[in-house]
Amino acid sequence: MKLIFEQSAAGRGTAYLPEIDVPQTAPDFKGRETPLRLPELSEIQVDRHYTALAKETRGVNGGFYPLGSCTMKYNPALLEDAAAQPGFRDVHPLQPDAAAQGCLEVMRKAEAYLAEITGMDAVTLQPAAGAHGEFTGLLLIKAYHRARGDGERTKILVPDSAHGTNPASAAMAGFEVVNIPSDGKGYVDLQALKAAVGPDTAGLMLTNPNTVGLFDPNIAEITKAVHEAGGLNYYDGANLNAIMGIVRPGDMGFDVVHVNLHKTFATPHGGGGPGSGPVGCKDFLRGFLPGIRIAEEDGMLRRKEAEARIGDVRSFGSNFLVAVKALTYMMILGREGIPETAAGAVLNANYLMHRVKDLYPMAFDETCMHEFVMTLEALKEETGVSALDLAKALIDHGIHPPTMYFPLIVHEALMVEPTETEPRETLDQAADTFRAVMEAARQHPEEAHLAPLTTRVSRPDEVKAARKPVIRYDFDHPMD
Amino acid sequence: MGTYVPNTEADRKNMLKACGMERMEDLYAGIPEELKRKEPLRIPEGKSEMEVRRLMEGLARKNRVYGTVFRGAGAYRHYIPSIVGEVVGKEEFRTAYTPYQAEISQGVLQSIFEFQTDICELTGMAAANASVYDGATAAAEACGMCLEKKRRKILVSAAVDPKVLSVVRTYAFGRDAEVTVVPEREGVTDLEALKSLADGETACLLLQTPNYYGCFEDADAAAEAAHGAGAKLIMSCNPIALAIMKTPGETGADIAVGEGQPLGLPLSFGGPYLGFMAADEKMTRKLPGRIVGQTEDRKGERCFVLTMQAREQHIRREKAGSNICSNEALCALTAGVYLAAMGPEGLRKAALSCRAKAHYLKDRLEEAGLKAVYAQPFFHEFVTAAPDEQAAERILKALEARDILGGLPLGGGRMLWCATEMNTREEMDRAAETVREVLDA
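Basis of the calculations
- Residues numbered from 1 in each chain as written.
- Chains lettered and ligands numbered in written order.
- Predicted model: local features only at pLDDT ≥ 70, side-chain atom pairs only at ≥ 80, totals over all residues.
- Heavy atoms only, no water.
- Domains from an automatic or database assignment.
- Buried area = accessible area lost by both parts, 1.4 Å probe.
- Salt bridge = Lys/Arg side-chain N within 4 Å of Asp/Glu carboxyl O.
- Polar contact = N/O pair within 3.5 Å; in protein donor to acceptor, adjacent residues only side chain to side chain.
- Nonpolar A, V, L, I, M, F, W, Y, C, P; charged D, E, K, R; others polar.
- Pairing = 2+ DSSP bridges.
- Helix = DSSP H or I, 4+ residues; strand = E, 2+ residues; numbered from the N terminus.
- Contact = heavy atoms within 4.5 Å.
- Axes fitted to C-alpha atoms, helices over the stretch in contact; angles between N-to-C directions.
- Buried < 20%, exposed > 50% of the residue type's maximum accessible area, 1.4 Å probe, protein only.
- Phe/Tyr/Trp six-rings, centres within 6.5 Å; stacked < 30°, edge-to-face > 60°.
- Lys NZ or Arg CZ within 6 Å of the ring centre and 35° of its normal.

Caption draft 1: Focus on the domain arrangement of chain A. All names here are of chain A. Assigned domains of chain A: these are domain 1 (78–333) and domain 2 (336–453). Once you take the C-alpha centre of each, domain 1 and domain 2 turn out to be 30 Å apart. Surface buried jointly by domain 1 and domain 2 totals about 1,900 Å² across both partners, of which 66% is contributed by carbon and sulfur atoms. Area buried by domain 1 at its contact with domain 2 is led by Val 212, Asn 241 and Leu 333, which between them contribute 28% of it. Between the two partners, domain 1 and domain 2, sit one salt bridge. Across the salt bridge formed by Lys 185 and Glu 366, the nearest N and O atoms sit 3.9 Å from each other. Run the count over domain 1 and domain 2 and you get five residue pairs in polar contact (both at pLDDT 80 or more). Among the residues making up the side of domain 1 that touches domain 2, the classes are represented as 13 nonpolar, 11 polar and two charged.

Structure representation (structure tokens):
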């Protein structure tokens, strides 16, 4: 497919702006020296180009999308309508509070609902993604220890099954990362944890349900061990969809949480963002929260700053339109719909797991939460067919592959998260497909490496891409 | 009512049975009872779509959308061609995840490759990433790229947007780096002070041009001062101004960053916005976040993949340069469509129009009795002084009454004004007239 630059013809374009209706003065600044090589296209070319690109992009509505850890649920249409209103879209972030009461009410409501769902006392909407929330939450922990003169707490404990963002966030926040092993069932190794905590422990980062899709039953003991050592507990909300309304991080002993609005709260992921990663905390950390706090004074909502705030983690208050969508979703679901959604996600995952587990060995064969992890280690050894091969074969059957090779503690892992919005029929079809793909792989392992066969592009050479990176169009040496 | 769970009571029963369970509660048998929530969440009951739509419409109505806006300060109202919304609204782009599976993500991948090229063209740099959260986080991440064991000091010009400075400080708190503010003189960075502050412990200088007050900085001199001390230069630029101004690449900057919101993104009360980052050849592998690269598939077909992933958190974990995972891909697509529609001439026209209108507005406001605070060359923002704080408040109030959002109050009667191609001559005359009435009263 042609790049947009390869369709450009000098002099083409559409007039979007009127003539300048005021006098222009001579430049009094240093001007651009090199030509600006943006594409020159008529609008129909722009439209067709992106229509072609859209056809080679797989969205949630294109079919089953069981990408583990990503919660690819249906994004309700109303959410887009709500966010597209001029009364939200065309509001300047620095206009007076009195002229932005609706925006501030959206933020205050979203914060309150998220605080209740997570069992926290205060929430900031400022972080723009999950990893951004992790970084923010860890800075709260750092500020808390510093404020108490407890600067020796330099270590963050992270289970070896954690998302890669956890240790990376801890490092960015200036902490040393201590990896805690998992036990044979994928849970935190309690003995190892208890041996690791001490006067240098700043905190623990944990996902629960964990990244193998299991709820760690020792959670209260885990968080207690960290608290007793003087550390704080950070909850990575990536997997909140499994338990919202059922059990709350705040009641498990966590002090700080982030949630992913683009996972649990049905806001679309946009091909990689924008997301939103609000951070909640217990009362004793409230004063450190970044960004703005919203307070009501004389019947008017006003923007304030917390007294000991860590600063800002982005320019303005939030990825606001994402918050609008998440609030809309929470209002639709309400107090009974939220646990019903969680239970629906867990049921769908267990059902699909039961439909395939005789052919696909489970990494941990027990009741799962919202997702399950299969290991294709045996298949790989016996036939040479890898998790990657099977994932690619699923593409030919209209299924977006599960998450591959994660978590790192499971070899040849495929992580499947159906979400609650899939009807039983889709799960049945998916199970049949998973089974057929496995049988085909066993019968004709040599063909498995060729998949997918139905897409224009198949098996891009990633090694070549990384060895000599070409990461922009070269105008001086056109390609085709 | 009102969830998006399709399975009926009968479905659920059958599905539970297939799993060897009887009741929905059995799914959660592994969670200790004492931790489970016994009461319903204290949030309202679920509602129908119609009810929620009305509630959200009610909230939107509580905001004011001004007919005329003369406020920028990091968020700018520009014309957005209709084609932008049409493209960006496509379900595939809107709902896809990060393009991990290249075979069914060529559209997103190619759009990011094109965006990276756009950003390289705008900034004059060698390489760009797929975006970060916003302009402020782009600046903060860029400072992080420059930190070395012996260079822990980050210099930030006092004329940088204070919100950006705040974010740089927050990130520096995390990385245990030191932030030193280089004072400003007459609306631009004090170059003499810069020369005395830049030393062997300086990692970088963050310079914004046009700066927070709208003034163009002497970036060449700043580059010389930073490089003279062995430090890196990070230039933060308005992407529309880049159509006409000397680029970071031409200035010899090591990293270019900026807020991409002016490129087709609505004001949205502050987000989602778009941070762009570009680097010279030597700094390319330190760029954080996703990068899309070109390669070939097994049939030799040109295609695109996420590449250089050995830098990233999911591979390097605590050794990664940044933790960023989700970025602002749909906003990057928005910018790509905007730039493709506008083209080089359209963007240049937008930039010239912004500059011309801001100069016109400044002249009119001066005639009306406000005083321009700085005498520097400027792009589309400038600062005025009213006799006192109360006068500035009265002006803003009078403008509000005429459906005009005036300049941002900076304290002490100073206001930061912005004009873009959206502002007509008539609007600016009307604003100036209002100012005159207030000051003459």
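Caption draft 2: Focus on the sheet that holds strand β17 (residues 414–418) of chain B. All names here are of chain B. Taken in spatial order, the four strands make up an open sheet running β13-β14-β17-β16, and their pairing is antiparallel. The open sheet has two edge strands with one neighbour each: β13 (371–372) and β16 (408–411). Running at roughly 10° to strand β14 (residues 381–385), helix α12 (residues 329–368) makes contact with β13, β14 and β17 of the sheet. Across the sheet, helix α13 (residues 389–401) is in contact with β16 and β17; its angle to β17 comes to roughly 35°.

Caption draft 3: Geometry of the pairing of strand β7 (residues 202–208) of chain B. All names here are of chain B. Judged by how many residues are buried, β7 sits mostly within the fold: seven of seven residues are covered. As paired elements, strand β3 (residues 153–157) and β7 share four bridges and run parallel to each other. Opposite Leu 155, over in β7, you have Leu 205 as the bridge partner. As judged from the five bridges shared by β7 and strand β8 (residues 232–236), these two strands associate in the parallel manner. Bridge pairing links Gln 208 to Ser 236 in β8.

Caption draft 4: Geometry of the packing of aromatic side chains. Considering all chains together, one arrives at 20 aromatic pairs over all chains under this definition. On the basis of an interplanar angle of 70° and a centroid distance of 5.0 Å, the ring pair of Tyr 235 of chain A and Phe 254 of chain A is categorised as edge-to-face. Linking Tyr 235 of chain A in strand β5 (residues 232–237) with Phe 254 of chain A in the loop between α9 (249–252) and β6 (256–259), this pair joins segments that are 19 residues apart in sequence. When sorted by exposure, Tyr 235 of chain A lands in the same class as Phe 254 of chain A, which is buried. Taken together, the ring pairs connect Phe 5, Tyr 473 and Phe 475 of chain A into an aromatic cluster. The ring centre of Phe 173 of chain B lies 5.1 Å from the NZ or CZ of Lys 142 of chain A, which sits over that ring.

Caption draft 5: Seen up close, the interface of chain B and chain A. On the side of chain A, 202 residues touch chain B, which itself brings 181 residues to the contact. Carbon and sulfur atoms supply 61% of the area buried between chain B and chain A, which totals about 16,700 Å² over both sides. Applying the counting criterion to the chain B and chain A interface returns 21 salt bridges. With a closest N to O distance of 2.6 Å, Lys 392 of chain A and Glu 103 of chain B form a salt bridge. Across the chain B-chain A interface, the total number found is 108 residue pairs in polar contact (both at pLDDT 80 or more). Ranked by the residues each element gives to the side of chain B that touches chain A, the list is headed by α12 of chain B, at 23 residues. Class assignment of the residues belonging to the side of chain B that touches chain A gives a composition of 90 nonpolar, 44 polar and 47 charged.

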